[in-house]
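Residue-level structure breakdown
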Amino acid sequence: MKRIFAFSLVLVVALTGLYLTQRGKHLDTVSPDAILDVAADFQRDLSRAPMRVTRLPEDSEIRIGNELAEEYLRVEPEHSAEMQTVEKYVSGVGDRVAARAHRKLPYRFHLVASPNLINAFALPGGHVFVGLGLLHELTSEDELACVLGHEIEHIDHYHAAERIQIEAQLKKLDLDAIAALTQIPLGLWQAGYSKEQELEADHEGLRLAAAAGYSPEGAVKVFGRWAELHREHVTHASTPVDELSQVAIDGLQGYFRSHPPPEERLEEAKKVIAEDGLDATRQLTPLAVPSLLQTKRSLASTTKDAGHTPPGR
């Protein structure tokens, strides 16, 4: 009898609290996204534990990454001479940053020459792909180093390797079979990771770029730009100076859904800079191939920061 009474009392209190909560006025937008994010993070974290115990051997990870990259590059159109120049430049910056990574893997950097791809992604074993649309939003080599450092850390910290193992378990795939790997969609790598992993890649990627000689201000600039894009295209859906296509805007919305809020990433970057005592006063280096990369938007940003000269390194 006492148990029934106690249960009834708890039920009444809970229902009363729910009623009062619903009566109150809220300014927050009601959305299932938060619940879905929590569920996804829980599933990822639950799956990560056995992955750490049964981690892929490094040679297997490299082989799988090579096979996936070959499959994805097969459907990419051949680069023009200009895009080959951009890819070579990106690879040079990536090599410099990757040299500071903990795991000495054969890192390789590829350009996806689509102005609608405002994203970058990493494959297990060392391959990093960067969309031309993302490069169009950058105004300095330091920002590029930050972006590449983030993707390198998804590899360096086994995020990509764990994802392939989880995917193989869920779909019952044999990772030793090339045919099985072709069933893994490219979108899997663009989907983002758990909030914990994304922030880890932000923190360590910033440190990698700084260790490679780049200004940590690059991270502040790029996350500040993501915050601006988020306000324009997701929060207010306004049109930017250089009018992104609807495809690009859809891609941006997907990117922001799969990553922590850019304002939070910006604040976290500032914390790392302060805690590590990094020199954020170091001047930013302009992109080496601005005529091939910069849009009206990024050119306007560069003009606003005029007066900075490239530092000698």
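As the structure is a computational prediction, the values presented were derived from the model and not from experiment.

Conventions and cut-offs
Residues numbered from 1 in each chain as written. Predicted model: local features only at pLDDT ≥ 70, side-chain atom pairs only at ≥ 80, totals over all residues. Heavy atoms only, no water. Pairing = 2+ DSSP bridges. Helix = DSSP H or I, 4+ residues; strand = E, 2+ residues; numbered from the N terminus. Axes fitted to C-alpha atoms, helices over the stretch in contact; angles between N-to-C directions. Contact = heavy atoms within 4.5 Å. Salt bridge = Lys/Arg side-chain N within 4 Å of Asp/Glu carboxyl O. Polar contact = N/O pair within 3.5 Å; in protein donor to acceptor, adjacent residues only side chain to side chain. Patch = residues over 30% accessible without salt bridge, like charges linked within 9 Å, V, L, I, M, F, W, Y side chains within 5 Å. Areas by Shrake-Rupley, 256 points an atom, 1.4 Å probe, with all protein chains shown as cover. Lys, Arg positive; Asp, Glu negative; His and termini not counted. Charge placed at Lys NZ, Arg CZ, Asp CG, Glu CD. Buried < 20%, exposed > 50% of the residue type's maximum accessible area, 1.4 Å probe, protein only. Expected span 1.5 Å × (residues − 1). Parallel < 35°, antiparallel > 145°, perpendicular 65-115°, else oblique. Left-handed = near helix turned anticlockwise from the far one by under 90°. Nonpolar A, V, L, I, M, F, W, Y, C, P; charged D, E, K, R; others polar. pLDDT = per-residue confidence, 0-100. Phe/Tyr/Trp six-rings, centres within 6.5 Å; stacked < 30°, edge-to-face > 60°. Lys NZ or Arg CZ within 6 Å of the ring centre and 35° of its normal.

Another point: the sheet that holds strand β1 (residues 108-112). By way of backbone hydrogen bonds, the strands of a sheet pair with one another, either parallel or antiparallel. Sheet architecture is open: 3 strands sit in the order β1-β3-β2, paired in mixed fashion. Of all the strands in the sheet, the pair left with one neighbour each is β1 and β2 (120-122). On average, adjacent strands in this sheet sit at an angle of 20 degrees to one another, irrespective of strand direction. Of the pairings in the sheet, the one linking β2 to strand β3 (residues 127-131) comprises 3 bridges and is antiparallel in character. Directly across from Ala120, in β3, lies its bridge partner Val130. Across the sheet, helix α4 (residues 81-98) touches β1 and β3, and the angle it forms with β1 is around 145 degrees.

A word on the pattern of salt bridges. If the charged atoms of two oppositely charged side chains come close together, the side chains can form a pair. Summed over all chains, the structure comprises 15 salt bridges. Arg74 is the partner of Glu70 in a salt bridge, and the nearest nitrogen-oxygen pair spans 3.4 Å. Here Arg74 and Glu70 lie together in helix α3 (residues 58-74), a separation of 4 residues that amounts to about one turn. In this structure, a network of salt bridges that share partners links the residues Glu58, Glu61 and Arg103.

Another point: the side chain of Arg265. Positionally, Arg265 belongs in helix α13 (residues 262-276). Among the polar contacts made by the side chain of Arg265, one reaches the side chain of Asp202 at a distance of 2.8 Å.

Glancing now at a positive patch on the surface. There is a patch of like positive charges on the surface, built from Arg96, Arg100, Lys104 and Arg282. Locating Arg282 in the fold gives a position in the loop between α13 and α14 (290-293).

Before going further, it helps to spend a moment on unusual backbone geometry. Here the phi dihedral of Tyr158 falls at roughly 70 degrees; this positive angle occurs in a residue that is not glycine. Topologically, Tyr158 is positioned in the loop between α6 (141-156) and α7 (159-171). Positive phi outside glycine occurs at Lys172, with the angle close to 55 degrees. Given a relative accessible area of 73%, Lys172 falls into the exposed group.

Bringing α3 into the picture now. Between its terminal C-alpha atoms α3 stretches 24 Å, which fits the 24 Å expected from 17 residues at 1.5 Å a residue. Packed against the buried residues of α3 are β3, α6, α7, α8 (178-181) and α9 (187-190).

What follows deals with the pairing of β3. Among the 5 residues in β3, 5 count as buried, and that is most of the element. Along β3, one buried face is formed by His127, Phe129 and Gly131 and the opposite face, lined by Val128 and Val130, is buried too. Relative to β3, β1 is paired through 5 bridges, and the arrangement is parallel. Counterpart to His110 in the pairing with β3 is Phe129. Joining the antiparallel neighbours β2 and β3 is a turn of 4 residues, in which Gly125 adopts a positive phi near 90 degrees.

A word on the packing of α4 against α6. Contact geometry for α4 and α6: axes closest at 9 Å, N-to-C directions at 60 degrees. For the element pair α4 / α6, the angle class is oblique. Crossing angle aside, the handedness with which α4 passes α6 is right-handed. Residue-level inspection shows Tyr89, Val90, Val93, Gly94, Arg96, Val97 and Ala98 of α4 in contact with α6, the latter providing Glu141, Leu144, Ala145, Leu148, Gly149 and Ile152. In the contact of α4 with α6, the residues fall into 9 nonpolar, 2 polar and 2 charged.

Our next topic: the confidence of the model for the protein chain. Averaged over every residue, the pLDDT of the protein chain is 77; the share at 70 or more is 68%. Here residues 9-50 scores under 50 on pLDDT; set against residues more than four positions off or in separate chains, the count is 16 contacts.

Here we come to the packing of aromatic side chains. For the coordinates displayed, the defined rule picks out 1 aromatic pair. Arranged with centres 5.0 Å apart and planes meeting at 5 degrees, the rings of Phe121 and Phe129 form a pair that is stacked. In this structure, Phe121 and Phe129 share a single accessibility class: buried. In this structure, Arg96 is placed above the aromatic ring of Tyr214, and the distance from its NZ or CZ to the ring centre is 4.5 Å.

Let us look at the environment of Arg55. Its location among the elements puts Arg55 in the loop between α2 (33-53) and α3. Counting along the chain gives 107 residues from Arg55 to Glu162, while the straight-line C-alpha distance between them is 7.5 Å. Those residues in contact with Arg55, other than ones at most four positions away along the chain, are Tyr158, Glu162 and Gln165. One polar contact links Arg55 to Glu162, side chain to side chain, over a distance of 3.1 Å.

Moving on, we come to the environment of Arg225. Here Arg225 lies in helix α11 (residues 217-235). Relative accessible area serves as the criterion here: at 9%, Arg225 is assigned to the buried category. For Arg225 and Leu266, which are 41 residues apart along the polypeptide, the C-alpha to C-alpha distance reads 9.6 Å. Looking at Arg225, its side chain comes within polar contact range of the main-chain oxygen of Glu137, at 3.0 Å.

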